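Overview (structure and organization)
One-letter residues, chain by chain:
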Amino acid sequence: MTLNIAIIGAGIAGITAARTLAQAGHRVHVFEKSRGAGGRMSTREGVFGTFDHGTQYFTVRDPRFSLALQTVPGTTEICRPWSANAVRVLDPLGHVFEAARNTKDAHFVAKPGMNALVRHWAKPLGAAVACQTQVTRLERSAKGLWTVHAVNSASGKDVSEKHAGFDRVLMAMPSVQTEQLLRNSGKATASAAWLKAMAKVEVAPCWTLMLAFPNAIQPDLHIGPQWNAARSTHHRVAWLARESSKPGRGKLERWTIQASATWSTEHLEDAAPRVQAKLLRAFSELTGIRAEPSHAEVHRWRYAKTITPLGVSHQYNPANGLGTCGDWHLGHRVEDAFVSGLELALSVCQSAHRL
């Protein structure tokens, strides 16, 4: 039986689910509120180059994820190993107090930015991916078909008339946004069991600072520390990475700094200039780089790193055709999102065969 399936969210989980279902012969339509696919595997582009201001890298442990990376045409040219396995751990003053840990996990990045992997996988879906389309409510008809109510996220114009007649609706969004959509859709849609389970999921926010130092572009000149990535015990900063050290990124000196979950939570509603100033001071303390950056900006992720996951790979109710997926079901890794999207899609396929 061929199903008409709506998927909300074009991050790695949503695109993995969409590709799997399309390859199984189902019709898919992906709704994404941003301007392009990627989710937290995002890349900020500017005159000084790119910044991976969300996910910094990914590991490959699940054999199904490894197989996808090796067999999807063009993927091996996009994904490259990065020497982040030489990560140091810094004390609050920026001194290295723990050397790089020995790990068998290779660290990979996509080039020219982290979003390249998701966008490459989304290409075969073509017009089935509707960007700048924010879903506001779901409605089920007496015949059991779903209408996806949505607005254009840029103009606010209602575009719901285009999106009706879906057999299944799969939500590949952060847990809080998924829960809110279910509540907005009424008691008939919001499963009490799902809402109770999802209420236990904890996802921390993250402020990210992006810096560029174009004056340090002289050959082989590195300002500040010689390491390319470090974890920090500074109360403001959890992670620092030299973007220009990543494959395919260009040599112009650029840094991405991610604030700690605790500090980000405490300062979640602070004005961006105040956050930028505080994180820039912490960056200087940790790296010794006192030069004024030519470019500095911050980005706030309300839902960044899963602290307490749901504990199952996905949720799916074949009786009403609703499902959820995303990294928050299992953890915070890219491959958690991949596994979640894959296993939800497989559940939908299996139930369709039984119809």
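Scroll up to find the structure.
Because the structure is a prediction, the values reported are computed rather than measured. (Residues numbered from 1 in each chain as written. Predicted model: local features only at pLDDT ≥ 70, side-chain atom pairs only at ≥ 80, totals over all residues. Heavy atoms only, no water.)

1. As for the side chain of Thr-43
Position of Thr-43 among the secondary structure elements: in the loop between strand S2 (27–31) and strand S3 (44–46). Given a relative accessible area of 13%, Thr-43 falls into the buried group. At 3.3 Å, the side chain of Thr-43 and the side chain of Asp-52 are in polar contact. Setting aside residues up to four positions removed in sequence, Thr-43 forms contacts with Thr-50, Phe-51, Asp-52, His-53, Gly-113, Met-114 and Asn-115. (Helix = DSSP H or I, 4+ residues; strand = E, 2+ residues; numbered from the N terminus. Buried < 20%, exposed > 50% of the residue type's maximum accessible area, 1.4 Å probe, protein only. Polar contact = N/O pair within 3.5 Å; in protein donor to acceptor, adjacent residues only side chain to side chain. Contact = heavy atoms within 4.5 Å.)

2. With respect to helix H4 (residues 115–122)
Of all the eight residues making up H4, seven are buried; the element is thus mostly covered by neighbouring parts of the structure. Listed in full, the buried residues belonging to H4 are Asn-115, Ala-116, Leu-117, Val-118, His-120, Trp-121 and Ala-122. The inward-facing, buried residues of H4 abut helix H1 (12–23), helix H2 (63–71), helix H3 (75–78), strand S5 (79–82), strand S8 (107–110) and helix H9 (334–353).

3. Looking at helix H5 (residues 175–184)
When H5 is considered as a whole, its buried residues turn out to be Ser-175, Thr-178, Glu-179, Leu-181 and Leu-182. For H5, the buried positions fall inside an angular range of 160° around the axis, keeping them on one side. Summarising the contacts, the buried residues of H5 are in contact with strand S1 (4–8), strand S10 (133–140), strand S12 (168–171), helix H6 (192–198), strand S13 (202–213) and strand S19 (322–324). One or two steps after H5, the chain reaches Gly-186, where phi turns positive at roughly 95°. (Arc of directions from axis to C-beta.)

4. What about the environment of Ile-78?
Mapped onto the fold, Ile-78 is located in helix H3. Once you skip the residues sitting within four places of it in the chain, Ile-78 turns out to touch Val-109, Ala-110, Lys-111, Ala-116, Leu-117 and His-120.

5. Notes on the packing of aromatic side chains
Per the counting criterion, the structure on display carries 10 aromatic pairs. On the basis of an interplanar angle of 25° and a centroid distance of 5.9 Å, the ring pair of Phe-58 and Phe-108 is categorised as stacked. With Phe-58 in the loop between strand S4 (49–51) and H2 and Phe-108 in strand S8, this pair connects stretches of sequence that are 50 residues apart. Exposure remark for Phe-58: the relative accessible area of 2% places this residue in the buried category. Aromatic side chains Phe-213 and Phe-283 sit 6.2 Å apart centroid to centroid with 20° between the ring planes, which places their arrangement in the stacked category. Here Phe-213 is found in strand S13, whereas its partner Phe-283 is found in helix H8 (residues 272–287), with 70 residues between them in sequence. As far as the burial class goes, Phe-213 and Phe-283 line up, both buried. If you follow Lys-246 out to its NZ or CZ, it ends over the ring of Trp-82, 4.9 Å from the centre. (Phe/Tyr/Trp six-rings, centres within 6.5 Å; stacked < 30°, edge-to-face > 60°. Lys NZ or Arg CZ within 6 Å of the ring centre and 35° of its normal.)

6. A short note on unusual backbone geometry
With omega at 5°, the peptide bond leading from Lys-111 into Pro-112 counts as cis. Unusually for a residue other than glycine, Gln-132 sits at a positive phi of about 50°. Mapped onto the elements, Gln-132 comes out in the loop between strand S9 (129–130) and S10. When its relative accessible area of 29% is taken as the criterion, Gln-132 is described as partly exposed.

7. Some words on the sheet that holds S2
Spatial ordering of the open sheet is given by S9-S2-S1-S12-S19-S18, a layout of six strands whose pairing is mixed. If you trace the sheet from one side to the other, it starts and ends with S9 and strand S18 (315–317), each paired once. Alignment of S1 against S2, held across five bridges, turns out to be parallel. The partner of Asn-4 across the bridge, within S2, is Arg-27. Contacts between H5 and the sheet are confined to S1, S12 and S19, with S12 contributing the most and set at about 145° to the helix. (Pairing = 2+ DSSP bridges. Axes fitted to C-alpha atoms, helices over the stretch in contact; angles between N-to-C directions.)

8. Some points on the nonpolar core
In this structure, Ile-7, Leu-21 and Trp-121 are the most contacted members of the largest nonpolar core, which totals 52 residues. Counting residues per element, this core draws most heavily on H9, at 10 residues. In contact with Leu-21, other than residues within four places in its own chain, are Ile-5, Ile-7, His-26, Val-28, Leu-170, Ala-345, Val-348 and Cys-349. Formed by 23 residues, the second largest nonpolar core is a distinct cluster that contains Val-148, Ala-150, Met-171 and Met-198. (Core = buried A, V, L, I, M, F, W, Y, C linked by side-chain atoms within 4.5 Å.)

9. Some thoughts on the pattern of salt bridges
The full count for this structure, using the stated rule, is 13 salt bridges. For Asp-52, the salt bridge identified is with Arg-249, shortest N-O distance 2.6 Å. With Asp-52 in the loop between S4 and H2 and Arg-249 in the loop between strand S15 (237–242) and strand S16 (253–259), this pair connects stretches of sequence that are 197 residues apart. With a shortest N-O distance of 2.9 Å, Arg-64 and Glu-343 are connected by a salt bridge. Here Arg-64 is found in helix H2, whereas its partner Glu-343 is found in helix H9, with 279 residues between them in sequence. The exposure class of Arg-64 is partly exposed, given its relative accessible area of 31%. Classification of Glu-343 by relative accessible area gives partly exposed; the value is 24%. It is possible to trace a salt-bridge network through shared partners that takes in Asp-52, Glu-243, Lys-246 and Arg-249. (Salt bridge = Lys/Arg side-chain N within 4 Å of Asp/Glu carboxyl O.)

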